[in-house]
Structure formats: structure tokens, C-alpha cells
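Commentary on secondary and tertiary structure
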Amino acid sequence: MSDAVRSKAAPEDLVELGRITAAYGVKGWVKVQPHSAQADVLRTQSQWWLTRPAPQAARGVVASVPVAIKVLQARVHSGTVVAQLDGVADRDQAEALRGHVVSVARSAFPAAGDDEYYWVDLIGCALYTDAPGTRTLIGVVDGVFDNGAHAILQVHRQRQAAPDAPVEPVLDAKGRPAEVLVPFVRAHVHHVDLTARVIDSDWPLEDD
């Protein structure tokens, strides 16, 4: 990687999308395991930001700051993304990148289609239910994962006694944040408002 590329300041809206797991072939290609099913974001970008794993940075090898690198080619391959990166010419150089985190600026994501959402945009949204007939807060989306059939929202439970009342976390019997898993499918999720950071559903509210 050239000094000109290294000197670029990382954008503030970087989103971690995957991790380099191995070299691919003998010509310097790398294999990336995406964090979600939305590997197309990695495939379509002309630039990635790589961050050295924290344990290596802690030993003082290289500061753990994102470094920009040009993507010459990338394609989806058996659930992973394989890519040819600028300045990485052989297998040894590719292997040296094993474990690096791959990030992309959120502003560079392709526009989502109608009724399609990037998982990163759902995290932090408040999930509500109208199952009992009254719109009630379930909690806040803390993560999203794929169960093989569809996306699942990991929701940290919260309660709010009234619309103007403070929001309080719901804890389980061991004092840990209570969690509920909600299928992100049309049958249960009725409306998503990313501007307001709100998701409306009919998911039944569990007893606190």
C-alpha cells in the first residue's frame, strides 16, 4: 500500500462488514468472511478500509487504525467474498492480512431497494408492538443475524410506562439485560422508519 493511500484519514461512518480469513490462490487474492448475508456491499466497493486485529496492534506491530486499500476485483464465492487488492501480489502478502477487519463507509453503500434494509441501519431502532391492541415498546435492536431463512432482530428489552415516561431496561432473573428474538419478516414487521429509528410489529410482548 502506498504512502498516499496510508495517509488518508478514515471516514467517521465506517461499518465493519467482515474479516479476512485466508489467502485465496497464489496471486495475492484474499478471502473475506462477511458478517451478514449482505456480501454485495463488499463486492461492489472500489475501496475497503482494513484494521489490524487488536492483539497484533497491542504488541506494537502497527497502530490499530483503518488503512484504505483499493479493491481491483471482488466476487462472491461459496458464502465468502474473494478479492484482489492493490499492492498485494502474492500469497505471503495475502496471508499477512489474515484477521484484518474489513470496513466500508456507510455513505458508500449502494441504495437499498424498496422494502430492503441494510442490517446496520436497523441496529439502534426502537421496536414496538401493537399485539395487545396498544402500541407498546418492546426494546431496542442490538444486533441482526441470519438464521438461514431470514434475518432475526436481537432486541434488548425495555419498558416505558407512558409515552413521556423515561425508558428503563428490562433485566432477567440474573440481573442481565433481557433479550427477545424477532423474525424480520413481513408477517410480523409492518413498518420501518429509519428516519425516526422506529420499527412497528405485531410481535407479542413477553411478561416482564
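Residues numbered from 1 in each chain as written. Predicted model: local features only at pLDDT ≥ 70, side-chain atom pairs only at ≥ 80, totals over all residues. Heavy atoms only, no water.

**Looking at the overall build of the chain**
Where we set the bar: Working definition: helices are DSSP H or I runs of at least four residues, strands are E runs of at least two. Numbering for both runs from the N terminus. Throughout, exposure labels follow a simple rule: accessible area from a 1.4 Å probe, protein chains only, divided by the maximum for the residue type, with under 20% read as buried, over 50% as exposed, and the rest as partly exposed. Here, residues are in contact when the closest pair of their heavy atoms is within 4.5 Å. Surface exposure here means Shrake-Rupley accessible area, sampled with a 1.4 Å probe, where a residue is shielded only by the protein chains that are shown. All tallies of charge rest on Lys and Arg as positive and Asp and Glu as negative; His and the ends of each chain are not included. Working definition for charges: the position is that of NZ of Lys, CZ of Arg, CG of Asp or CD of Glu.
When helices and strands are counted, the chain shows five helices and 13 strands. In terms of overall dimensions, the chain has a C-alpha envelope of 60 × 35 × 30 Å along the principal axes. Counting every position in the chain, which comprises 208 residues, the buried fraction comes to 36%. Pairs at least 24 residues apart make up 55% of the contacts formed inside the chain by residues separated by at least 6 positions. With an accessible surface of roughly 11,600 Å², the chain has 50% of that area assigned to carbon and sulfur atoms. Within the chain, the 26 negative side-chain charges are centred at a point lying 11 Å from the centre of the 20 positive side-chain charges.

**Digging into the domain arrangement of the chain**
To keep it simple, the criterion reads: Boundaries of every domain are those given by an automatic assignment or by a domain database. In this description, buried area is defined as the sum, over both parts, of the accessible area (probe of 1.4 Å) that is lost when the two are combined. Salt bridge, as used here: a side-chain nitrogen of Lys or Arg that lies within 4 Å of a carboxyl oxygen of Asp or Glu. As used in this structure description, the phrase polar contact means that two N or O atoms lie within 3.5 Å; if the pair is within protein, one of them must be able to donate a hydrogen and the other to accept it, and residues adjacent in sequence are counted only when both atoms belong to side chains. The residue classification treats Ala, Val, Leu, Ile, Met, Phe, Trp, Tyr, Cys and Pro as nonpolar and Asp, Glu, Lys and Arg as charged. All others, Gly included, are polar.
Here the chain is described as being made up of domain 1 (14-108) and domain 2 (119-201). The centre of domain 1, based on its C-alpha atoms, is set 32 Å off from the matching centre of domain 2. Across the contact, five residues belong to domain 1 and four residues belong to domain 2. Across the domain 1 to domain 2 interface the summed buried area is about 390 Å²; carbon plus sulfur atoms make up 57%. By the criterion of area lost to domain 2, the three top residues of domain 1 are Ala37, Gln38 and Arg106, representing 67% of everything that side buries. Our enumeration of links across domain 1 and domain 2 arrives at one salt bridge. Among the ionic pairs, Arg106 bridges to Asp121, the shortest N-O distance being 2.6 Å. Seen at the junction of domain 1 and domain 2, the total is one residue pair in polar contact (both at pLDDT 80 or more). Class assignment for the residues of the side of domain 1 that touches domain 2 results in two nonpolar, two polar and one charged.

**Some details on the pattern of salt bridges**
Under the definition given, this model contains eight salt bridges. Among the salt bridges present, the one from Arg176 reaches Asp172, with a minimum N-O distance of 3.2 Å. Here Arg176 falls in the partly exposed class, since its relative accessible area comes to 48%. The class of Asp172 is partly exposed, set by a relative accessible area of 27%. A single salt-bridge network, built from bridges that share partners, covers Arg91, Glu95 and Arg98.

**A closer look at the packing of aromatic side chains**
What counts is decided by this rule: Aromatic pairs are defined between Phe, Tyr and Trp rings, using the six-membered ring for Trp, whenever the two ring centres lie within 6.5 Å; interplanar angles under 30 degrees are classed as stacked, those over 60 as edge-to-face, and all others as tilted. Our definition puts a charge over a ring when NZ of Lys or CZ of Arg is within 6 Å of the ring centre and also within 35 degrees of the ring normal.
Per the counting criterion, the structure on display carries two aromatic pairs. On the numbers, 4.9 Å between centres and 75 degrees between planes, the contact of Phe109 with Tyr118 is edge-to-face. On the basis of relative accessible area, Tyr118 is assigned to the buried category, the value being 11%. Each ring, one from Tyr117 and one from Phe184, has its centre 6.0 Å from the other, and the planes form 80 degrees; the classification is edge-to-face. Here the residue Tyr117 occupies a position in the loop between β6 (101-105) and α5 (119-122), and Phe184 occupies one in the loop between β11 (179-183) and β12 (189-193), the gap between them amounting to 67 residues. One Lys or Arg, Arg135, reaches over the ring of Tyr128 and ends 3.9 Å from the middle of that ring.

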